Every structure is written in structure tokens, then in C-alpha cells.
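Descriptive analysis of the structure
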Protein chains: 2
Amino acid sequence: MASGGAPTIKEVAKLADVSVGTVSKVLNGTGSISAVVRKRVEDAAQSLGYAPHPSARSLRSGDTKMLGLLVADLSNPFFLQLVEAIEQRASAKGYSVLLYNSNEEPLREKRNLQALAAQRVDGVFVIPTFDPWPGRVVAFSALPCPIVQLDRILEGFDAPSVAIDNRMAGRLAAQHFIDLGHRRIAALTGSTEYQIARHRVEGLRTTMAANGLSFDETLLVQKLHTIDDAAAATFDVMGRKNPPTAIFSGNNHLTLGLLKGLSELELSMPDDVSIAVIDELPWAGMLAGGITTVVQPCGALADAALASILGDIAGSKVGEPRTSGATILQPDLKVRRSTGPVGNR
Amino acid sequence: MASGGAPTIKEVAKLADVSVGTVSKVLNGTGSISAVVRKRVEDAAQSLGYAPHPSARSLRSGDTKMLGLLVADLSNPFFLQLVEAIEQRASAKGYSVLLYNSNEEPLREKRNLQALAAQRVDGVFVIPTFDPWPGRVVAFSALPCPIVQLDRILEGFDAPSVAIDNRMAGRLAAQHFIDLGHRRIAALTGSTEYQIARHRVEGLRTTMAANGLSFDETLLVQKLHTIDDAAAATFDVMGRKNPPTAIFSGNNHLTLGLLKGLSELELSMPDDVSIAVIDELPWAGMLAGGITTVVQPCGALADAALASILGDIAGSKVGEPRTSGATILQPDLKVRRSTGPVGNR
DNA sequence: CTGAAAGCGCTAACAG
DNA sequence: CTGTTAGCGCTTTCAG
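None of these values were measured; they are calculated from a predicted model.

Describing the nonpolar core
- Counting 96 residues, the largest nonpolar core has Phe125(A) and Phe125(B) as its most contacted members.
- Not counting residues within four places of it along the chain, the set of residues in contact with Phe125(B) comprises Leu67(B), Gly68(B), Leu69(B), Leu70(B), Ile86(B), Val148(B), Leu150(B), Ala305(B), Leu306(B) and Ile309(B).
- Core analysis: the next-biggest nonpolar cluster, separate from the first, contains 48 residues, Ala186(A), Val237(A), Leu281(A) and Ala230(B) among them.

Focus on the side chain of Thr292(A)
Residues and elements named next belong to chain A.
- With respect to the helices and strands, Thr-292 occurs in strand S10 (residues 292-295).
- A relative accessible area of 0% places Thr-292 in the buried class.
- In terms of polar contacts, Thr-292 uses its side chain to reach the backbone amide nitrogen of Arg-336, at 2.9 Å.
- Looking at Thr-292, its side chain comes within polar contact range of the side chain of Thr-339, at 2.6 Å.

A closer look at the protein's contact with DNA strand D
- Taken together, the neighbourhood of DNA strand D is formed by 23 residues, with Ile9(A), Tyr50(A), Lys25(B), Val37(B) and Arg60(B) sitting nearest.
- Contact distances for DNA strand D include 3.0 Å between a base oxygen and a side-chain N or O atom of Arg60(A).
- A total of 4 residues in the surface near DNA strand D trace back to one element, the largest contributor, which is helix H2 (residues 20-28) of chain A.
- The class makeup of the residues in the surface near DNA strand D is 8 nonpolar, 10 polar and 5 charged.

Details of the packing of helix H1 (residues 9-16) of chain B against helix H2 (residues 20-28) of chain B
All names here are of chain B.
- The contact between H1 and H2 brings their axes to 8 Å, and the two run at 100°. The angle between H1 and H2 places the two elements in the roughly perpendicular class. Where H1 abuts H2, its residues Ile-9, Lys-10, Val-12 and Ala-13 lie against Val-20, Val-23 and Ser-24.
- Tallied by class, the residues present in the contact of H1 with H2 amount to 5 nonpolar, 1 polar and 1 charged.

With respect to the protein's contact with DNA strand C
- Around DNA strand C there are 22 residues in total, and Ser34(A), Val37(A), Arg60(A), Ile9(B) and Tyr50(B) lie nearest to it.
- Of all DNA strand C atoms lying within 4 Å of any protein atom, the proportion belonging to sugar or phosphate reaches 65%.
- At 2.4 Å from a phosphate oxygen of DNA strand C is found a side-chain nitrogen or oxygen belonging to Tyr50(B).
- Contacts to DNA strand C include His53(B), whose backbone N or O atom sits 3.1 Å from a phosphate oxygen.

Looking at the relation of the copies chain A and chain B
- Least-squares fitting of chain A to chain B yields an RMSD of 0.1 Å, with the superposition described by an axial translation of 0.0 Å and a rotation of 180°. Expressed as a symmetry operation, the mapping of one chain copy onto the other fits a two-fold axis.
- A shared interface surface links the copies, since 100% of the contact residues of chain A are contact residues in chain B too.

Thoughts on the pattern of salt bridges
- On inspection of all chains with the given rule, the structure shows 28 salt bridges over all chains.
- Between Lys39(A) and Asp43(A) there is a salt bridge, with its nearest N and O atoms 2.8 Å apart. With Lys39(A) and Asp43(A) both in helix H3 (residues 35-48), this residue pair falls 4 residues apart, about one helical turn.
- The exposure class assigned to Lys39(A) is partly exposed, which follows from its relative accessible area of 48%.
- Arg57(A) is the salt-bridge partner of Asp63(A), the closest N and O atoms lying 2.5 Å from each other.
- For Arg57(A), a relative accessible area of 29% corresponds to the partly exposed category.
- Salt bridges here are not isolated pairs; linked through shared partners, they connect Glu87(A), Glu105(B) and Arg108(B).

Looking at the environment of His53(A)
Residue and element names in this part refer to chain A.
- Considering the arrangement of structural elements, one finds His-53 in the loop between H3 and helix H4 (54-61).
- On the accessibility criterion, His-53 (27% relative accessible area) is partly exposed.
- In the structure, His-53 is positioned 43 residues away from Lys-10 in sequence and 12 Å away in space, judged by C-alpha atoms.

Regarding the interface of chain A and chain B
- Each side of the interface is counted separately: chain A has 40 residues, and chain B has 40 residues.
- Contact between chain A and chain B buries roughly 3600 Å² in total, counting both sides, with carbon and sulfur atoms accounting for 61%.
- In this assembly, chain A and chain B are joined by 2 salt bridges.
- As a salt-bridge pair, Glu87(B) and Arg108(A) come within 3.1 Å of each other at their nearest N and O atoms.
- Between chain A and chain B we count 11 residue pairs in polar contact (both at pLDDT 80 or more) in total.

What about the pairing of strand S5 (residues 161-164) of chain B?
Residues and elements named next belong to chain B.
- The two faces of S5 match: Ser-161 and Ala-163 on one face and Val-162 and Ile-164 on the other face are all buried.
- Of the strand pairs in this sheet, strand S4 (residues 147-150) and S5 are connected by 2 bridges, and their pairing is parallel. Paired with Leu-150 across the strands is Val-162, a residue of S5.
- Both S5 and strand S11 (residues 326-329) contribute to a ladder of 4 bridges, which runs parallel. For Ile-164, the partnering residue across the bridge sits in S11 and is Leu-329.

Things to note about the sheet that holds S11(B)
- Spatially, 12 strands are ordered S11(A)-S5(A)-S4(A)-S3(A)-S1(A)-S2(A)-S2(B)-S1(B)-S3(B)-S4(B)-S5(B)-S11(B) in an open sheet, and the strand pairing comes out mixed. Each having just a single partner strand, strand S11 (326-329) of chain A together with S11 of chain B make up the two edges of the open sheet. For this sheet, the mean angle separating the axes of adjacent strands, direction not counted, is 20°.
- Of the strand pairs in this sheet, strand S1 (residues 66-71) of chain B and strand S2 (residues 96-101) of chain B are connected by 6 bridges, and their pairing is parallel. Paired with Leu70(B) across the strands is Tyr100(B), a residue of S2(B).
- Strand contacts of helix H5 (residues 77-92) of chain A: strand S1 (66-71), strand S2 (96-101), strand S3 (123-126) and strand S4 (147-150) of chain A together with S2 of chain B, with the helix running at about 85° to S2(B), the strand carrying the most contacts.

Digging into the sheet that holds S10(A)
Residue and element names in this part refer to chain A.
- Here 6 strands make up an open sheet; going across it, the order is S7-S6-S8-S9-S10-S12 and the pairing mixed. The open sheet has two edge strands, strand S7 (220-221) and strand S12 (332-334), and neither has a second partner.
- Set on the sheet, helix H10 (residues 227-238) makes contact with strand S6 (185-188), S7 and strand S8 (246-249); between it and S6 the angle comes to about 160°.

Quick look at helix H4 (residues 54-61) of chain B
- The complete set of buried residues in H4(B) reads Pro54(B), Ser55(B) and Ser58(B). The buried residues of H4(B) occupy an angular sector of 95° when projected down its axis, which confines them to one face.
- On its buried face, H4(B) sits against H4 and helix H6 (106-119) of chain A.
- In the stretch just after H4(B), Gly62(B) is the one whose phi turns positive, near 90°.

Conventions we followed
Residues numbered from 1 in each chain as written. Chains lettered and ligands numbered in written order. Predicted model: local features only at pLDDT ≥ 70, side-chain atom pairs only at ≥ 80, totals over all residues. Heavy atoms only, no water. Core = buried A, V, L, I, M, F, W, Y, C linked by side-chain atoms within 4.5 Å. Buried < 20%, exposed > 50% of the residue type's maximum accessible area, 1.4 Å probe, protein only. Contact = heavy atoms within 4.5 Å. Helix = DSSP H or I, 4+ residues; strand = E, 2+ residues; numbered from the N terminus. Polar contact = N/O pair within 3.5 Å; in protein donor to acceptor, adjacent residues only side chain to side chain. Near = heavy atom within 4 Å. Nonpolar A, V, L, I, M, F, W, Y, C, P; charged D, E, K, R; others polar. Axes fitted to C-alpha atoms, helices over the stretch in contact; angles between N-to-C directions. Parallel < 35°, antiparallel > 145°, perpendicular 65-115°, else oblique. Least-squares fit on C-alpha atoms with pLDDT ≥ 70 in both. Salt bridge = Lys/Arg side-chain N within 4 Å of Asp/Glu carboxyl O. Buried area = accessible area lost by both parts, 1.4 Å probe. Pairing = 2+ DSSP bridges. Arc of directions from axis to C-beta.

Below is the structure:
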């Protein structure tokens, strides 16, 4: 065995009896090369199993063909779907994905960002953690590459973003409930200090109002965080003398608590109460009939995010300013058997 | 603004009024440097926000500080937990993780492997897809870096592996059932052409035998793949004149089908039937009482896998042969309320 | 159309 | 102890 490591462009050149420059041109399709030489080079590269050394390529060309993916919480099924969709599309475009999970820990997000910044990736997708850390927006802004925010949009961070119309998400659920005759609707939601939760609740409210209904504010349970929070809230509202006939859950996490609460109360859907939630729980199909869900178009979100990054990458070459538009896609209501007409009680 | 790009070692050298070699030594802790110079260099690097260019570093040193993670199916909650555990540990050791999802598609695994091979990562974790593709073992063996197989072990692929004792997993479940008085035990399992499923069933069988019981082979439903397969199998066995009092599910996927089947049959656990399954479903807590589960020690698996890779990386420097031992860890039975004593029917 | 050579940023040998 | 220098493998002018 002659050489220990992987074949270099030099060896290809020697085998094809041309210069390294020529090999590079052939393999990159730059410059003009005669057919015979092209063939010789391609054969030589093929027979040696040559692949260009990424570090050497990057060092010259300045790009890395890698994209960073900074996820607030991998165990959130919705974020995971986003990760899957992005990985697939990035791969198809010839990019590799560097994955960082923040696990909803601000400190971890900070460290991940530092690691990412040192990596010289060509672009970054970020789903920010819920809780901020000091200097976060500044740190994100200082990234020397295109960045796109997904789902959660940071206040004051002027970078492109891709998310759904969260007001519409609330509206779809509310209208569905109303169409089924529900009037007493409860809502479980996170802290409305954050845009997402606020918009979702706004959607509920405006749709109720548009139908001439007023939202019973005592049935709006906010600032819920943990699964147990949501379960407790479920206990609370369903235990009142005049309980709601329908419950809305504002995210994946709270839905788990809602289901847990209902299960412990031995209430069944939709007979005892109708529920509609935001974000698909992939395994909810095991519940007979499934759960009526406002689903986000993960594929389209990933497409838009990747387009934003790649457009920015191309744009940066001609010195264009970083685009910072907000892409807003529409969610979709999937009606399943957790919701039914009111009044069988 | 003077320079457009990120600061280089040269600029640090100029600012600190030393040579680039000295800067390199200070920053890498190699060679011996006087305290004053060290301080000057560190300050200069600090104030410029200098971070070494990874491509340049890699080109010289030959390593990339990146690890590849080739996952059969990201949407499998168990694999996802493994990914989370590995990412966390790799990050802590200063490695970045390149993620590739095969989505159980052999072709995608093949393409991912090619991409990975071209990336010159320092090591690879692989959870192979269930179905093979022509030349798979050869392709994996040709990787020019340490590799470790996780969970699924490829027949004929002589590389280090980390997995649990799958026979023990079957034994734990069987013994638990038997202790509760169950005698008619059904099992849902994948194709026993694969080691994992085979070992799990073996564990069931030997434990039954050790307790003087014989396994009713008509209650062993093999070659199940989809969720609907498992649901149909559940319908089948529970619909017999003499149905089982307990059901075992061999993996995450089949558990979903089992739950779906039971839900549609309106059978409840553990009153109508006890169930015990392999692999945690993170969201199963919403089912009142949870599901009795044989859990795999994800953290320990990740630790072992990383140690194997890093050990191999260190080893390869002194020219040691690639270690190819199989690390086998023990699973753990978490008893919850889906199992109960037999005979309340 | 093809070859020669510079140099991306860094590390490691070798001089001093 | 510190500086100088030769490349790592590749792309890209610039000559021919």
C-alpha cells in the first residue's frame, strides 16, 4: 500500500498526466477543457475514489457547505419535525447540518452559539430558547453569516424570520368550536409576554368577538409552563360549577398536560369536552379518533427558511444587504374526533 | 472599518507584536512562553475576538473536531433520545455533530454515508436502517475514521458496537408478567431476521421456560412493521376465544399500534389486559398511570459510544488497531400502571 | 486550452 | 524563549 490517507488532487493530476489546476477546472466545471483531457481526469478521479478535501476547499473558497441548526428543544415534536424537514432539504442541496440542541437552557444556547460562530458555517437556522440571556440579540446579530429565525421570533432582532400566522391559528380553532355550537371555551396558554402565545390568544378573542361572543376571561389560563401546570389548570376549569364545553391548548407541551388531566378526571372526548390544540403530536393517532389540531406546514416552513438562507448566501456575494423580511405561512386545521357538537351532556 | 472578515492569527500577532508562531504556541499551550508575552498575546486575541479558522486548523492538523451521526429514523423517540444524549456529550468535549437522518430509507442512508465520508469527520455514530442496501457493510468498513454502531448491530460488520442486552429486556418483561400471575402472554415483534427482535423474543421464551411455562406460539406475532400491523395483530389476539392476559411489545413503533388497537377495542389497562413494552414513549405519561416499560440507559449508551470513538481517535494516533468490542449495557424495568395482577376479569 | 505558482490561515519544525 | 518558514490541499489568476 503506497499512500496512507485519502487521494489528493495531486495524485489525480499525476495519474491523468495533467496539472492540478486542470484537474480542479474539470472537477469544478470552470474554465474550458478539451474533451479528451476531461475524460482522462474524470477517469483518474473515479479510479482513485477522489473527493476534494473539504477543509482545503473551504480555506480557499471561504464557504463551508455547512449550515448550523440551533434548536431550542429537540424533544419538542414540532421542532423535531422542523429539524427533519430542514436536514432533508439541506442535504438535497449539498449542505451538511451541524446540530445544536439548547434544551431550553439559555446557557446552553449561548455556548452553542459560540461554538457555531467559531465554525464558520454558511448560514444558521435558529429556534430560540424561550428564556433569554443577557446580550442574546447582540450575540445573534454578530454572527458573520446569514441567519433565519424559525417559529419563535425574538423581539428586537432584525433578521429574517419564518413562522406561521399565529393569530390565524387561534382563529381556526375558535371558529371550529363556535361552528360546533360551543360558547364556553377555555384556553391553556404560555406566557403572553411572548408573541406566539399572545397572537394565538388574540386569534381566539377576535373570532369570538366576530361571532358576537365574549370570551370568558376566567377560562383563559395563562403563564402555563410545565405539563403539570396544564394538568392542574385542566382540573381547575373542569371542576367549576359551570365548566367549559371546549378547551384549546396553545402548544404541544400544554396539550400533554391537558390530556393527562382529562385522563385522570376520566373525562372523554368529545362527549365530556371537546379539545383542539396547536401542533401535531405524532403519536396522538393512538387515541381513538385522534385530536383536532391546528397544524403548521413544516415542509413549507423549512423551504422558506432554507430559501432565506441560500438567498442570503447568494446575495452576500454581490454585497446586497441582508434581507430581513418576515415570512408568514398559514396553518391548517385538521378536524379529528376530539371535537364534536356541544350539548350531549 | 478596516478588515471585512474575521481576525486572523496574523492580526493577533501584529497587535501583540510577536510572530504568528508565538501566537499559535500560546493559544495551543504548546512550547514554552514567557509570562509577559503570553499575557500580551491572550489580551490581543481577546480584544480582537479571535477564533482560529477551523478549516485552516483542520488542514494542518488533520482532524476536524466534528463527529458524524447517522440516524436510521429521527422520529423514533428512542433514537432521538440517543441523539440528544450524544449531542450533549460531544458538545461538552468540544466536538460538533453533523446530523444525517436516513428516515429508514436505505438509499438515503447510502447517500448520507457518502456525504459523511467526504466530510472527513473524526468519527461516526451509526444507527443503521432496518433494511440493508447492496454493499452496505463494505461501504461502512471503508470509512477512514472510527465508527461505532448503536442499538442495531449489523451482521458481518466488525466494528465496535454499543447496545443493551436484548435478551435481558425480554426477560425483565416476562418475569414481571409471570410474577403478576400471567400465563397467557402475547408478544408483538418485528422480523426475527434481525438480532434485536430475535434476542428479545429469546428472552421471553427462556424466562417462561425457567418458570416452567410454555410459550403459546400462536400468541407470538412476528414480522410486524407498521403501526397498523401491530393494531391488527392486537385485534387478532384479543379477539380469540381464549385471549392473552398480557401483551408484550418489542419496540416503540409496535407499541403505538398496540395502544391504538386497544383503544379502538375499548379495552383498558390493566383491567382488561396488562401491557409491557420496550423503549420509553416520552409522552406516555398522559395515559393515566403510564406504561410499564423496559427502558434503555440512553446516557450510558451515549457515554460508551463516545468513549469508543474518542478512544479510537486517540488510539489511531499511536497506530493501534481499531477496537471492535461490543459494549453491552443492562436495561431497566420501570413498572407503571399498565400492568397488574391477572384475574380481575 | 493547459501549466505554473501564489496563497487561503494555521501548526510544527528548525534556527537563532 | 521567540522568530522564520515550509507546507496541509485546493482554487484561481496569469502566462504561455
